[in-house]
Amino acid sequence: MATMTAVACASPPSPSLTSATARSHKLPCSPPPEEHHRSWLDDSSVQELDHFAESLAGIKAKGVGPELLGSLLAHYAYRWLPELSGRAVPSPENPTAAWLKKRFLIETLASVLPPDKAALPCDFLLRLLRAASMVAAGPPCIQVLEARAAAQLDEASLKELLIPAFSHTTATLLDVAMVLRLVRRFAGADDASRTGAALARVAKLLDSYLAEAAFDPALTVPTFEDLATSLPAHARAMDDGLYRAIDTYIKAHPSSSKVERKVLCRLVDARKLSSEAALHAAQNERLPVRSVIQVLFAEHSKLSRLAEWSGSFNRSSTGRSPSEAAVAQQQEVRRLRDEVVRLHVRCIGLQAQVDRLAAAQRKKTAPKTNGWLWSCFWSGGSGGRSEAVEKKVVRSELSAGRPTPARDKQRSKILRTASL
């Protein structure tokens, strides 16, 4: 044990470590495993990546667990990549040389990642992926990091998933395309260990990401739709998070067209909204009328099912004193019925307002035939024009219905005036 510590402090370890040394972290009297290697990890001589890769391979060959290998690699990455921990350390080197050095370091770390999922947390992989995107690492490095992060996406946090778009060809502020690849890879993975709870966690994470990305003015409706539909429909037990993200997008993009809003509202299943979200949607003036009606119908269906269930429960318990659960259920049914009635009145008011606006629009665009005919009559006095006026008046009367005596007298007067 003492020999191991002395060798680690004096010089970097070599692949010729003994098995007793590799098992030294399991002794009860020894310090934590990371302390054995921290002295030589901080040594500047270990900055040579080839030596570090050889040392890591030697430790792995001695049967060290993946958790220890992951902790060694993470400590090394945080030591020489301060961007992973959010620290900005000025480098005395040439900026181009420092950039190339970081790129080479990240690509080397990606090539020596332990294959076990439990070796490294997902947040660390996302930070490494962000740094790789920042230094424009090669496609193989990006693919390896994306595959590892996607396999553990259910353990990710929203903060680490908000990766900026470092490419000049990307219009959005966030790297939405990368997140879309991660979610699709997670949803399409044939992993027997993936449970429904993991899928639900990713759906909740994706809805939170959509709510943050909705403020981006460059985010288009098709891209938003691709992100929202990247998971299967059964991944979301409730659509409240997705509804909040859509409402945020509509508020942040007031110039979105009516067709785009309909496309967004189709993503939400009204039957999977809670009572609070359904109440908010029914009173949301930014949503299309058809979407509000669908929410009202869904709530009415829920209320009907609750009423049927309550009635059957009461019939089955005839002659018995009602329990507290039954009383609470009846009160909830009455409350939901009142809410549906109020929302139905609100929907009727919205429909009447739409009808009034449509009628006003039709009045504005209606043709004014009579005024045009009189303007044609007073604009000329020749025989040819009087005949044209007479034909137009006759056509107007025939189209309006049977001529009346008053109209005959008016037409005779017009003809006498035109012949003078």
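### Some words on the overall build of the protein chain
Item 1. Within the protein chain, the secondary structure is distributed over 20 helices and 0 strands.
Item 2. A fraction of 73% describes how many contacts in the protein chain between residues 6 or more apart in sequence connect residues 24 or more apart.

### Points about the packing of aromatic side chains
Item 1. On inspection of all chains with the given rule, the structure shows 2 aromatic pairs.
Item 2. For the ring pair Phe224 and Tyr249, a centre distance of 5.3 Å and an interplane angle of 50° mean the geometry is tilted. With Phe224 in helix α12 (residues 221–228) and Tyr249 in helix α13 (residues 240–252), this residue pair connects regions lying 25 residues apart in the sequence.
Item 3. Phe224 gets classed as buried once you look at its relative accessible area, which sits at 0%.
Item 4. Geometry around Trp80 places Arg79 over its ring, the cationic atom sitting 4.4 Å from the centre.

### Remarks on the nonpolar core
Item 1. Residues Leu109, Phe124 and Phe224 are the most contacted members of the largest nonpolar core, which totals 88 residues.
Item 2. Sorting elements by how many residues they give to this core places helix α11 (residues 196–213) first, with 9 residues.
Item 3. Leave out the neighbours within four places in its chain, and Leu109 touches Phe52, Leu73, Tyr76, Ala77, Leu81 and Leu128.

### Digging into the environment of His253
Item 1. On the secondary structure map, His253 appears in the loop between α13 and α14 (258–265).
Item 2. By relative accessible area, which is 10% here, His253 ends up buried.
Item 3. Taking C-alpha positions, His253 is 8.1 Å from Phe215, a pair spaced 38 residues apart along the chain.
Item 4. Excluding residues within four positions of it along the chain, His253 makes contact with Ala214, Asp216, Pro217, Leu219 and Arg261.

### Overview of the confidence of the model for the protein chain
Item 1. Across the protein chain, the average pLDDT comes to 75, with 67% of residues at or above 70.
Item 2. Counting contacts from residues 1–41, a segment whose pLDDT is below 50, to residues more than four positions away or on other chains yields 50 contacts.
Item 3. Below pLDDT 50 for its whole length, residues 372–386 participates in 13 contacts with residues either more than four positions away or in separate chains.

### Some thoughts on helix α10 (residues 176–188)
Item 1. Over its 13 residues, α10 extends 18 Å from the first C-alpha to the last, a length consistent with the 18 Å expected when each residue adds 1.5 Å.
Item 2. Considered for burial, the residues of α10 that qualify are Val176, Met178, Val179, Leu180, Leu182, Val183 and Phe186.

### Re the side chain of Ser230
Item 1. Turning to its location among the elements, Ser230 is positioned in the loop between α12 and α13.
Item 2. Overall, the relative accessible area of 10% leaves Ser230 in the buried class.
Item 3. A polar side-chain atom of Ser230 sits 2.7 Å from the main-chain carbonyl oxygen of Leu227.
Item 4. With near-sequence residues (within four places) excluded, Ser230 lies in contact with Leu180, Val183, Arg184, Ala187 and Leu206.

### Comments concerning unusual backbone geometry
Item 1. Positive phi, close to 60°, is recorded for Ala136, a residue that is not glycine.
Item 2. Of note, Ala136 is situated in the loop between α7 (122–134) and α8 (139–151).
Item 3. With relative accessibility at 41%, the residue Ala136 sits in the partly exposed group.

### Quick notes on the packing of α12 against α13
Item 1. Where α12 meets α13, the closest approach of the two axes is 12 Å, and the angle between their N-to-C directions is 170°. Comparing the axis directions of α12 and α13 gives the class roughly antiparallel. Taking contact as the criterion, the partners of Val221, Phe224 and Ala228 in α12 are, on α13, Leu242, Ala245, Ile246 and Tyr249.
Item 2. Here the contact of α12 with α13 is composed, by residue class, of 7 nonpolar, no polar and no charged.

### Describing the environment of Glu155
Item 1. With respect to the helices and strands, Glu155 occurs in the loop between α8 and α9 (158–161).
Item 2. Glu155 gets classed as partly exposed once you look at its relative accessible area, which sits at 49%.
Item 3. Excluding residues within four positions of it along the chain, Glu155 makes contact with Cys122 and Asp123.

### Remarks on helix α6 (residues 95–111)
Item 1. Under the 1.5 Å per step criterion, the end-to-end length of α6 is 25 Å for 17 residues, consistent within 8% with the ideal 24 Å.
Item 2. Three or more residues of α6 are buried, namely Ala98, Leu105, Ile106, Thr108, Leu109 and Ala110.

### Details of the pattern of salt bridges
Item 1. Inspection of the entire model under this criterion finds 9 salt bridges.
Item 2. Across the pair Lys251 and Asp247 runs a salt bridge, and its minimum N-O distance is 3.9 Å. Taken together, the residues Lys251 and Asp247, both in helix α13 and 4 residues apart, mark about one turn of the helix.
Item 3. Residue Lys251 is classed as partly exposed on the basis of its relative accessible area, which comes to 49%.
Item 4. Ionic pairing is found between Arg286 and Asp247, a salt bridge with its closest N-O pair at 3.0 Å. Residue Arg286 is located in the loop between α15 (275–282) and α16 (289–316), and its partner Asp247 is located in helix α13; the two are separated by 39 residues in the primary sequence.
Item 5. Residue Arg286 is classed as partly exposed on the basis of its relative accessible area of 31%.
Item 6. Note on Asp247: relative accessible area 6%, which makes it buried.

### Looking at the packing of α10 against α12
Item 1. Direction vectors running N to C along α10 and α12 enclose 25°, while the axes themselves pass 10 Å from each other. As summarised for this structure, α10 and α12 are arranged roughly parallel, according to the angle between their axes. Between α10 and α12 the crossing geometry is left-handed. Here Val176, Val179, Leu180 and Arg184 of α10 lie close against α12, whose contacting residues are Thr223, Asp226 and Leu227.
Item 2. When the residues that make up the contact of α10 with α12 are grouped by side-chain class, the tally is 4 nonpolar, 1 polar and 2 charged.

Here is what the cut-offs are and how they apply
Residues numbered from 1 in each chain as written. Predicted model: local features only at pLDDT ≥ 70, side-chain atom pairs only at ≥ 80, totals over all residues. Heavy atoms only, no water. Helix = DSSP H or I, 4+ residues; strand = E, 2+ residues; numbered from the N terminus. Contact = heavy atoms within 4.5 Å. Phe/Tyr/Trp six-rings, centres within 6.5 Å; stacked < 30°, edge-to-face > 60°. Buried < 20%, exposed > 50% of the residue type's maximum accessible area, 1.4 Å probe, protein only. Lys NZ or Arg CZ within 6 Å of the ring centre and 35° of its normal. Core = buried A, V, L, I, M, F, W, Y, C linked by side-chain atoms within 4.5 Å. pLDDT = per-residue confidence, 0-100. Expected span 1.5 Å × (residues − 1). Polar contact = N/O pair within 3.5 Å; in protein donor to acceptor, adjacent residues only side chain to side chain. Axes fitted to C-alpha atoms, helices over the stretch in contact; angles between N-to-C directions. Parallel < 35°, antiparallel > 145°, perpendicular 65-115°, else oblique. Nonpolar A, V, L, I, M, F, W, Y, C, P; charged D, E, K, R; others polar. Salt bridge = Lys/Arg side-chain N within 4 Å of Asp/Glu carboxyl O. Left-handed = near helix turned anticlockwise from the far one by under 90°.

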